[in-house]
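# Architecture at a glance
Spelled out, the chains give:
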Amino acid sequence: MAMGMNFNKKMYIGGALVDGQATIDVTNPATETHVGSVAAAGYDDVEKALQAAKAAAPVWAATSVAERQAWMLKLRDAVLANEEELRSYVHHEMGKPWGGTQEDFDLLERSLKFYAEEIARVHDDTVRDRDGDYDHRMIYEPIGVSVAYLAWNFPLLNLAYKIGPAMAAGSPIIIRPSAATPISAYAVGELCHQIGLPAGIVNILTTDGFGPSDALAASPIPNMITLIGSANTAKHLTKVGATSIKRYSMELGGNAPVLVYKDADLDLAADIVTAVKFNNAGQICVTPNRVFVEAEVHDAFRAKVVERAKAAKVGFDKTADILTGPMIDGRAWTRVKALVDDAVDKGADLLAGGDRPAGLDVGHFMAPTVLDNVTDAMDIYENEIFGPVVSLIPFDDRDTLLERANEGDEGGLSSYIFTRDLALAEKMARGLRYGEIHINGVKYDIYLPHGGIGQSGIGHDCSRLALNDYLVVKRLTRALG
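A brief report on the enclosed structure follows. What you see is a predicted model; the values in this text were computed from it and never measured.

A separate point is the nonpolar core. By size, the foremost hydrophobic cluster in this structure holds 118 residues, and its most contacted members are Ile163, Val202 and Phe301. By residue number, the principal contributor to this core is helix H5 (residues 155-169), which donates 10 residues. Isoleucine 163 has contacts with Leu75, Leu108, Leu112, Ile175, Val188 and Val202, leaving out every residue within four places of it along the chain.

Below, the structure is given as structure tokens:
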């Protein structure tokens, strides 16, 4: 059942599609043209969504696993029937290359299927009584109402990370997509409405301004706040949400290091670093930021990275095989340009890119960029770049490499190791303070845990671990005899 292409969207609250008192205009950062408008939630809309989710919580929790699974698979069928429309929304609201929209779409349908299957594996656990005179059972139940704040960089993928485990667990959810890329998320609300999903189980709205957005977290109704965003936003929401005791699950990015040793497969390392760095214009929380390269292979590796950077296609053309789309807006472009300029001013060598690509005068495009001889005196070393810039850092002292890779992040999200010495890789992996260590490759999927350490977040997206975030445990103890 196709929804039809329409870039002007209503909120989805309490099972109904509703207008707001105001609208948010969405601009394609690749063309700098108006794409469409979505209804913006005010305080009254936020309260309606909170009350709808609250009312749905006991009803949804009481439904059987089989019934929840049926609704999830019905929504998945609707998602599959509207692939072209959903991908088109992402393509235009983000300026994302058409090929890149496939990952967004795939994760949504796979999340609904995976968690519909995974919830069936959740069962009561028993704890042996050491004295033999009690029976103990651990029962898993929905946590209650959840509120999810989403980043703009993967509009459907980020939504997928939340809607799947929440629906499966029996937790009504209010999804607040970014105001920069809300259209595809609102389209999912249309599909929920189209299939007749019971009211309040899923609510999708965004806000124009911090006040109504903060009201979601400040309310005592939510039992869980989940976020994909920055550490500063996480701190703010935690503070705002302190009106009641809530659970938090937050994925907050980090300053990902790459360790390239002299015995590494340099072509493999260059392929992965540039692919993850230039895809989505580097606007990925797990993308490499500081690429440490052993001095003996530094020149050879640098040449391979530069070659790939110069070959990467940039632009916005659905018919072309484009790797790098635009930055999300002018402010993001200016920020990355300032990081590059600061590095060059402080002695880094600019080997590729560094500015707008030739021939692209419209859109917030940054050419795939390679900096060499980056040092810790440069802002780009200390900050998550969130742009298509590879920072190369030669090293010749293996003994201090772990300390350098860990410094300044107080925990992190992703890291990468390239070496044929698996004992060395294991040793370094054990020492890296990152939630994910990729050795001679990189893989993400809905069944693999995704989460950071320390300032890079709490809880997990993806895998059974994400489902646990939406469940609480009750202990039932019964005296025997």
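Following the criterion strictly, the structure yields 5 aromatic pairs and no others. Here the aromatic rings of phenylalanine 7 and tyrosine 89 are separated by 5.0 Å at their centres, their planes lie at 90°, and the arrangement is edge-to-face. You can see phenylalanine 7 sitting in the segment before strand E1 (11-13) and its partner tyrosine 89 sitting in helix H3 (residues 83-94), a full 82 residues away along the chain. Between the aromatic rings of tryptophan 152 and phenylalanine 386, the centroid separation amounts to 5.8 Å while the plane-to-plane angle is 85°, which identifies the pairing as edge-to-face. Here phenylalanine 386 lies in the loop between helix H12 (379-382) and strand E17 (389-395) and tryptophan 152 lies in the loop between strand E7 (146-149) and H5, a separation of 234 residues in the sequence. By relative accessible area, phenylalanine 386 is classed as partly exposed at 23%.

A two-sided burial pattern is seen for strand E13 (residues 257-260), the buried positions comprising Pro257 and Leu259 on one face and Val258 and Val260 on the other. The pairing of E13 with strand E14 (residues 290-294) spans 4 bridges and is classified as parallel. Bridge pairing in E14 links valine 258 to valine 291. The parallel pair E13 and E14 is bridged by helix H9 (residues 266-278), and the resulting crossover is right-handed.

So, on to the pattern of salt bridges. Following the criterion strictly, the structure yields 25 salt bridges and no others. For glutamate 83, the salt bridge is made with arginine 87, and the minimal N-O distance between the two is 3.3 Å. Here glutamate 83 pairs with arginine 87, and both are found in helix H3, just 4 residues apart, close to one helical turn. Judged by its relative accessible area of 8%, arginine 87 is buried. Its salt-bridge partner being arginine 121, residue glutamate 118 comes within 2.9 Å of it at the nearest N-O pair. Judged by its relative accessible area of 10%, glutamate 118 is buried. One salt-bridge network, held together by shared partners, links Asp267, Asp271, Lys304, Glu307 and Arg308.

Definitions and cut-offs
- Numbers given for residues are sequential positions, taken from 1 along each chain in its written order.
- The model is predicted, so local features are restricted to residues of pLDDT at least 70 and side-chain atom pairs to those at 80 or more, both for listing and for counting; the totals for chains, interfaces and linings are taken over all residues.
- With hydrogens and water set aside, each side-chain value is computed from the structure's full complement of heavy atoms.
- Grouping buried Ala, Val, Leu, Ile, Met, Phe, Trp, Tyr and Cys residues that are joined through side-chain atoms within 4.5 Å yields what is termed a nonpolar core.
- For the exposure calls, accessible area comes from a 1.4 Å probe over protein chains only, and a residue counts as buried if that area is under 20% of its type's maximum, exposed if over 50%, partly exposed in between.
- Comment: elements are numbered from the N terminus, with helices defined as DSSP H or I runs of at least four residues and strands as E runs of at least two.
- Note on definitions: a residue-residue contact is assigned when non-hydrogen atoms from the two residues lie within 4.5 Å.
- Only centres within 6.5 Å qualify two rings of Phe, Tyr or Trp (six-membered ring in Trp) as a pair; their planes then separate them into stacked at under 30 degrees, edge-to-face at over 60, and tilted for everything else.
- Here, any two strands with at least 2 DSSP bridges between them count as paired.
- By definition, the crossover connecting two strands over a helix is right-handed if that path, from the first strand to the second, turns clockwise as seen with the strands pointing away from the viewer.
- For this document, the term salt bridge refers to a Lys or Arg side-chain nitrogen within 4 Å of an Asp or Glu carboxyl oxygen.

These figures come from the coordinates and say nothing about function on their own.
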